[in-house]
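One-letter residues, chain by chain:
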Amino acid sequence: MPQTERLGSGLGAAAGLVAVLVVVTAAVLVYLEDPDPDTPASMGDVKALEENFRLQNKSCFILGGSGETGKLLLQEVLGRRLFSRVTLIGRRTLSLQGPESGELVQEVVDFEKLEEFAAAFQGHDVGYCCLGTTRAKSGADGFVRVDHDYVLKAAELAKAGGCQQFHLESSRGANKDSSFLYLRVKGQVEADVGALGFDRFSVYRPGVLLVDRAESRPGEWLSRKVLGALRAVAPTSMAIPIQTVGRAMVTNTLLQPEAKTEILENNDISRLGG
């Protein structure tokens with residue numbers, strides 16, 4: 001057999017094995033999930049909460065609005081018209097379309113000198129953070145700088161500027177004691193932001209985000225396709241449509257949690273944003 005054919009056969013077998021392992025793991029998790037989940041608020045309840053929230057004349061800022069989750073979160077915030085002022089904070093001005101985009105204020109900042117842009121973080125009631133990169137794209141040091149250092153500095157400036165609520169997109173399995181860099185950094189930034197003492201700190205830990213990324217690696221693409229197909233049959237704690245995450249972050253803002261700090265795992269996010 002020619003070498004190219006053997007290579008192609010080997011890659012195909014490896015991809016098939018990965019798919020089987022993903023399906024088996026997901027199936028086990030589906031079996032173990034809570035068979036009687038809490039029922040989320042009805043649409044009528046959400047509409048009433050939205051009307052009440054609008055009367056409070058609150059403002060918000062969004063970090064990471066150019067990313068996959070951030071773009072959908074921004075659409076959700078603007079579309080539902082919950083805030084009297086919405087500020088998008090980022091490296092560059094984004095080109096946006098739609099009737100609601102005219103209500104948006106954009107602040108361009110240098111994340112390496114973020115303290116010089118403290119004014120951008122002043123006067124907001126609610127902060128949303130979907131800021132993040134990958135180790136493959138930015139290297140280990142760059143990943144830590146973006147996902148921990150930038151996020152923490154932004155949270156510090158927001159707290160000093162009067163922000164009461166901070167909503168942070170994290171990751172399933174985040175743990176500051178993890179041996180894996182990604183999960184360790186996510187867990188550490190959760191802990192460090194939580195220590196700032198916001199009136200409310202909400203952490204969202206989604207599983208695999210079901211979205212077609214422009215820069216996906218083959219393994220990530222395969223996992224999302226398999227998990228997406230499985231989710232169509234039954235919900236799973238391993239994956240979630242990215243639209244659901246953005247919707248859940250906004251809907252959860254309307255609610256009053258029992259504790260100042262709350263961690264929403266993948267199933268919690270799914271119920272809120274489904």
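## Describing helix α3 (residues 68-80)
- In a regular helix each residue adds 1.5 Å, so 13 residues correspond to 18 Å; α3 covers 19 Å between its end C-alpha atoms and thus fits that length.
- At the C-terminal side of α3, R81 shows a positive phi close to 50 degrees.

## Concerning the sheet that holds strand β3 (residues 104-108)
- Overall, parallel pairing links the seven strands, which are arranged β3-β2-β1-β4-β5-β6-β9 in an open sheet. At either end of the open sheet lies a strand with only one pairing partner, and these are β3 and β9 (261-265). Averaged over all adjacent pairs, the angle separating strand axes in this sheet is 15 degrees, with direction ignored.
- As paired strands, strand β6 (residues 200-205) and β9 are joined by five bridges and run parallel to one another. Looking at the pairing, F201 lines up with T261 of β9.

## Describing the pairing of strand β1 (residues 59-63)
- For β1, the tally of buried residues reaches five of five residues, placing the bulk of the element in the interior.
- Pairing geometry for β1 and strand β2 (residues 85-90), over five bridges, is parallel. Looking across to β2, one finds that S59 is bridged to R85.
- One crossover worth recording links β1 to the parallel β2 by way of α3, and it is right-handed.

## Let's talk about the environment of V108
- Here V108 shows up in strand β3.
- With relative accessibility at 40%, the residue V108 sits in the partly exposed group.
- Residues V108 and G90, spaced 18 residues apart in sequence, show a C-alpha to C-alpha distance of 5.3 Å.
- The contacts of V108, once residues within four sequence positions are left out, are G90, R91, R92, T93 and F117.

## Some words on the confidence of the model for the protein chain
- Across the protein chain, the average pLDDT comes to 83, with 73% of residues at or above 70.
- This model gives residues 26-39 a pLDDT under 50, and the stretch forms 18 contacts once residues within four places in sequence are excluded.

## Points about the pattern of salt bridges
- Scanning the entire structure with this criterion turns up 13 salt bridges.
- A salt bridge links R271 to D268, with the shortest nitrogen-to-oxygen separation between them at 4.0 Å. Taken as a pair, R271 and D268 lie in helix α8 (residues 266-273) at a separation of three residues, close to a single helical turn.
- Relative accessible area serves as the criterion here: at 24%, R271 is assigned to the partly exposed category.
- Looking at D268, the relative accessible area reads 29%, which means it is partly exposed.
- Overlapping salt bridges, with partners in common, bring together K47, E50, E51, R54, E76 and R80 in one network.

Cut-offs and rules
- Residues numbered from 1 in each chain as written.
- Predicted model: local features only at pLDDT ≥ 70, side-chain atom pairs only at ≥ 80, totals over all residues.
- Heavy atoms only, no water.
- Helix = DSSP H or I, 4+ residues; strand = E, 2+ residues; numbered from the N terminus.
- Expected span 1.5 Å × (residues − 1).
- Pairing = 2+ DSSP bridges.
- Axes fitted to C-alpha atoms, helices over the stretch in contact; angles between N-to-C directions.
- Buried < 20%, exposed > 50% of the residue type's maximum accessible area, 1.4 Å probe, protein only.
- Right-handed = clockwise from strand over helix to strand, strands pointing away.
- Contact = heavy atoms within 4.5 Å.
- pLDDT = per-residue confidence, 0-100.
- Salt bridge = Lys/Arg side-chain N within 4 Å of Asp/Glu carboxyl O.

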